[in-house]
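Residue strings, one per chain:
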Amino acid sequence: MKHLPFHRTAIATALALLLAACAIPAKLNHPNLRDDVPLAGLQAPARAGWPDTDWWRAYGDPQLDQLIAIAMKQSPDLEQAHSRVVNAEQSVRLAAAQAGLNVNGNAQFERQRMSENGILSLLPSNIPIDPWYNQTDLGLQAKYTFDWWGKKRSSIEAALDQAHAAEAQRSAAALTIQNTVADTYFGWQGDQARLALSSQLVTAQEKLVRIAELRVAQGVDLTDTAQQARAQLAAAREMHVALQGSAAIRKVALASLLGIAPADLPALQPRPLPEVDSRIPANARLDLIARRPDIAASRWQVEAALKQTDVARAQFFPDIGISAMAGLSSLDMGKLLEAGSRTFALTPALHLPIFEGGQLKANYGVSKAQLAAAVAEYDSTVVSAARDVATQALTAQQIAARRKEQSAQITANERLLATAQARAHQGVRDAREGLAAAAQLLQQQDDAASLQAQAVSTDLALIKALGGGYQTTGEISNASPTSPSLSNPSGDDADERH
């Protein structure tokens, strides 16, 4: 009969475990995640290779290289993204630390006076008792909880997945900054090219105004002729002022992207805009999943959410741990280090959730809903990536076709200008015809410069849509068939019974 209480405790514990196991929900399978991007049917020219990590160097512009180097060091947006990565890494360390052995030291000295009208009043009055006493304690306490159900392991893995997601988001932020710097810089270069043409146009219009005013003064033409020439000159000057303002705004935007004052912006010199070849990789439909940082971040979020469902499920199981204490305790400090002051304790512990008022099931339902939301976000990101690639590829084709027709117009206007200048040289016509043809040619060249700037901007947008040289780092679990709970995210599915 000596061991009867122990047997009763073991039986009670087994019954409690059996009852608790009846309500444990089923473990979720990995959700089905698509492994390609919906680009079927996109009629776009293909090329081999993807953008490199330092994709902007392909433009061969040292000024752009310098601007992006500064942005990568000083951009406030990139610093904010980096802080999220650091925070995620610290979360991993915290989760790992919480899963290990916990050891605490304790040293305490207490001096206390007991009430003479309390327990001391029960002692015989002939026994002298000093109500003051000292208590000195010195010891170590250790505690460890066994992770038999994988709760702590899943917490660590979820934190690791969040760290991977934060790193991918940082790469997405870096790509956005690099792309925006390049787009703003080439926009400024486009303004410089158009400003040079605009200056020539203003000069040509000024000559036409002077000729018109002379002809009106001599009574050859009506006053309206001079007014029309002045209106065309005002329009040319207005365009010139607008381009100057646009160039100034772009420099301010560049300084903001770099995190510096406009006065500290490196001196920029006008350079010809680069020619672009906006074709997409032949394997974009399959490889874009690993090339877009936002897709990778969404995928890691799914992995983290799945691990959190494992954490929530593990809450249904009992926590089994053990704690130990060893130290010294004495009312007399002088005897603290004597062998008789030693104290020891060993305490196994079992925490069993029996009635939680629905809290465990609600928490598990929340984790499933968050997983379903992460999967939906991933699917939305993939579809958005396909739209970005298709839109930029088709826009690039449209601009290329427009530039071809624009080139034909410029060629025709160049011939008209040459013919007009020849007639003026022979004395058949005056200078007005040649100046008008030159003004028309300059306007066509301005349109061509604007289209080339659009082509470069579209090429940059396509590079960003293709991931800008990013590649997925780390291992992501392979997808497995979607579990019933994911197809019914409302949480109405029945629990698995054991």
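Residues numbered from 1 in each chain as written. Predicted model: local features only at pLDDT ≥ 70, side-chain atom pairs only at ≥ 80, totals over all residues. Heavy atoms only, no water.

**Considerations on the overall build of the chain**
Part 1 of the argument: Helix and strand counts for the chain come out as 10 helices and six strands.
Part 2 of the argument: Counting only residues that meet the buried cut, the chain has 38% of its 498 residues in that class.
Part 3 of the argument: Across the chain, every contact between residues at least 6 apart in sequence was considered, and the portion connecting residues at least 24 apart equals 87%.
Part 4 of the argument: Put simply, the chain shows about 28000 Å² of open surface, and 55% of that area lies on carbon and sulfur atoms. (Helix = DSSP H or I, 4+ residues; strand = E, 2+ residues; numbered from the N terminus. Buried < 20%, exposed > 50% of the residue type's maximum accessible area, 1.4 Å probe, protein only. Contact = heavy atoms within 4.5 Å. Areas by Shrake-Rupley, 256 points an atom, 1.4 Å probe, with all protein chains shown as cover.)

**So, the pairing of strand 3 (residues 132–146)**
Part 1 of the argument: Direction of pairing for strand 2 (residues 102–113) relative to strand 3: antiparallel, over a ladder of 12 bridges. Paired with Gln112 across the two strands is Tyr133, which belongs to strand 3.
Part 2 of the argument: Note: strand 3 against strand 5 (residues 319–330), 11 bridges, orientation antiparallel. Looking across to strand 5, one finds that Lys143 is bridged to Ser323. (Pairing = 2+ DSSP bridges.)

**Some thoughts on the pattern of salt bridges**
Part 1 of the argument: Tallied over the entire structure, the rule returns 15 salt bridges.
Part 2 of the argument: Arg292 is the salt-bridge partner of Asp294, the closest N and O atoms lying 2.7 Å from each other.
Part 3 of the argument: Owing to a relative accessible area of 5%, Arg292 belongs among the buried residues under this scheme. (Salt bridge = Lys/Arg side-chain N within 4 Å of Asp/Glu carboxyl O.)

**Concerning the nonpolar core**
Note that soluble globular proteins tend to have their nonpolar side chains buried in a common cluster.
Part 1 of the argument: Counting residues in each nonpolar core, the largest one holds 32 residues, and the members touching the most others are Val37, Leu39, Leu288, Val302, Leu371, Tyr378 and Val389.
Part 2 of the argument: When contributions to this core are tallied by element, the ones reaching two or more residues are helix 6 (284–291), helix 7 (293–314), helix 8 (359–426) and helix 9 (431–465).
Part 3 of the argument: Sequence-distant contacts of Val37, defined by excluding residues within four places in its chain, comprise Arg285, Leu288, Ile289, Val382 and Ala386.
Part 4 of the argument: Trp56, Tyr59, Ile177 and Phe186 belong to the second largest nonpolar core, which has 27 residues in total. (Core = buried A, V, L, I, M, F, W, Y, C linked by side-chain atoms within 4.5 Å.)

**Focus: the environment of Glu238**
Part 1 of the argument: For Glu238, the location among the structural elements is in helix 5 (residues 223–258).
Part 2 of the argument: For Glu238, a relative accessible area of 58% gives the class exposed.
Part 3 of the argument: The sequence separation of Glu238 and Val202 amounts to 36 residues, and the corresponding C-alpha distance is 9.7 Å.

**Remarks on the packing of helix 7 against helix 8**
In a packed pair of helices, the relevant descriptors are the angle between the two axes and the axis-to-axis distance.
Part 1 of the argument: At their nearest, the axes of helix 7 and helix 8 sit 9 Å apart, and the two run at 165 degrees to each other. In terms of axis orientation, helix 7 runs roughly antiparallel to helix 8. Judged by the sense of rotation from one axis to the other, the crossing of helix 7 with helix 8 is left-handed. (Axes fitted to C-alpha atoms, helices over the stretch in contact; angles between N-to-C directions. Parallel < 35°, antiparallel > 145°, perpendicular 65-115°, else oblique. Left-handed = near helix turned anticlockwise from the far one by under 90°.)

**Some details on the confidence of the model for the chain**
Interpretation of this model should avoid reading the predicted coordinates in detail wherever pLDDT is low.
Part 1 of the argument: Looking at the chain as a whole, its pLDDT mean stands at 81, while 84% of the residues score no less than 70.
Part 2 of the argument: Low confidence marks residues 477–498, where pLDDT is under 50. Its contacts with residues over four positions away, or in another chain, come to 48 contacts. (pLDDT = per-residue confidence, 0-100.)

**Observations concerning the packing of aromatic side chains**
Part 1 of the argument: Applying the stated rule across the entire model yields four aromatic pairs.
Part 2 of the argument: Considering the side-chain rings of Trp55 and Trp56, the 5.6 Å spacing of their centres and the 85 degrees angle between planes classify their relative orientation as edge-to-face.
Part 3 of the argument: The class for Trp55 is buried, based on a relative accessible area of 3%.
Part 4 of the argument: Owing to a relative accessible area of 6%, Trp56 belongs among the buried residues under this scheme.
Part 5 of the argument: Three or more aromatic residues link up through ring pairs in this structure, and these residues are Tyr59, Tyr185 and Phe186. (Phe/Tyr/Trp six-rings, centres within 6.5 Å; stacked < 30°, edge-to-face > 60°.)

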